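# Structural features, examined
Below, each chain spelled out in residue letters.
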Amino acid sequence: MDHDEPERLPPPPFWRTRYFANSVLPRRPYLDPLEIRRIVSAPNGKETQTDGRIRLYVYSETLGCYLRVVLLSDGETVHNAFPD
């Protein structure tokens, strides 16, 4: 993993950054960790950002929209998630 990437926290429920655990989840209580795990394991779409981070997309029946999950460049650590 790139040394410029943030520190990551181990499972459960999945590898995630401290930012995701302490800032994203508290502000977005509608995010379901099981759904995020599903997206990481089987996304509908995938793009690599210029900084090497990876955007994953899947349609969320629960939210009624696409959900975007942003992984660090290691391809497994969740850094952000939000409706898209």
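It should be noted that the structure appears before, not after, this text.
Description of the structure in this document.

Before going further, it helps to examine the overall build of the chain. Across its full length, the chain holds two helices and six strands. Starting at the N terminus, the α and β elements of the chain follow one another as β-β-α-α-β-β-β-β. A globule of 84 residues ought to have a C-alpha radius of gyration of about 12 Å, and the chain, at 12 Å, matches this closely. Counting all 84 residues of the chain, 36% fall into the buried class. Long-range pairs, those at least 24 residues apart, make up 35% of the contacts in the chain with a sequence separation of at least 6. Put simply, the chain shows about 4900 Å² of open surface, and 50% of that area lies on carbon and sulfur atoms. Within the chain, one finds 11 positive and 12 negative side-chain charges whose respective centroids are separated by 4 Å.

Rules used throughout
- Residues numbered from 1 in each chain as written.
- Predicted model: local features only at pLDDT ≥ 70, side-chain atom pairs only at ≥ 80, totals over all residues.
- Heavy atoms only, no water.
- Helix = DSSP H or I, 4+ residues; strand = E, 2+ residues; numbered from the N terminus.
- Rg over C-alpha atoms; globule rule 2.2 N^0.38 Å.
- Buried < 20%, exposed > 50% of the residue type's maximum accessible area, 1.4 Å probe, protein only.
- Contact = heavy atoms within 4.5 Å.
- Areas by Shrake-Rupley, 256 points an atom, 1.4 Å probe, with all protein chains shown as cover.
- Lys, Arg positive; Asp, Glu negative; His and termini not counted.
- Charge placed at Lys NZ, Arg CZ, Asp CG, Glu CD.

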